[in-house]
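Structural description and commentary
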Amino acid sequence: LNSLESEKKFVSFDKTAYQAMVNDPSRTPLFEKAIINRLKSAEPNTQTVLDLGTGPFAFFALTAAKNGAKQVYAIEASKEAAASARTIIKKEGYEDKITILE
């Protein structure tokens, strides 16, 4: 999208679609493994991670935070998904490491 005013045109997913993406066995484990391997190959708490399209569960952002990322910036275009991600991140205790950007 070329304009911040085009929120109305944003293609969004409901939570069941996001859940299906998180549960996708052909996708999620590969990304999760890549994130963990990259973080494990560096000194602990030295890596900054960018999660584009974090979704309402912030799954990969949390994966990075739990596996040694110094800081995680999670970008989400959907206001509803960003709000949900913030709630989950706070519940998990990672609000000091993960920043949600809309």
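Everything numeric here is computed off the predicted structure, so don't read it as measured data.

Phi at Asn 45 takes a positive value of approximately 60°, unusual for a residue other than glycine. Note on placement: Asn 45 falls in the loop between helix H2 (28–40) and strand E1 (48–52). Not every positive phi belongs to a glycine, and Ala 58 is a case in point at roughly 50°. Position of Ala 58 relative to the elements: it lies in the loop between E1 and helix H3 (59–66).

Of all eight residues in H3, six are buried, a share of seventy percent or more. Burial in H3 covers these residues: Phe 60, Ala 61, Leu 62, Thr 63, Ala 64 and Ala 65. One or two positions beyond H3, positive phi appears at Gly 68, with a value near 105°.

Another aspect to go through is the nonpolar core. Counting 17 residues, the largest nonpolar core has Ala 64, Val 72, Ile 98 and Ile 100 as the members making the most contacts within it. Of all the secondary-structure elements, those providing two or more residues to this core are H2, H3, strand E2 (71–75), helix H4 (79–92) and strand E3 (98–101). Considering each element in turn, this core owes the most residues, five residues, to H3. Once residues within four sequence positions are removed from consideration, Ile 98 is found in contact with Ala 61, Leu 62, Ala 65, Gln 71, Val 72, Ala 74 and Ile 89.

Quick notes on the rules
Residues numbered from 1 in each chain as written. Predicted model: local features only at pLDDT ≥ 70, side-chain atom pairs only at ≥ 80, totals over all residues. Heavy atoms only, no water. Helix = DSSP H or I, 4+ residues; strand = E, 2+ residues; numbered from the N terminus. Buried < 20%, exposed > 50% of the residue type's maximum accessible area, 1.4 Å probe, protein only. Core = buried A, V, L, I, M, F, W, Y, C linked by side-chain atoms within 4.5 Å. Contact = heavy atoms within 4.5 Å.

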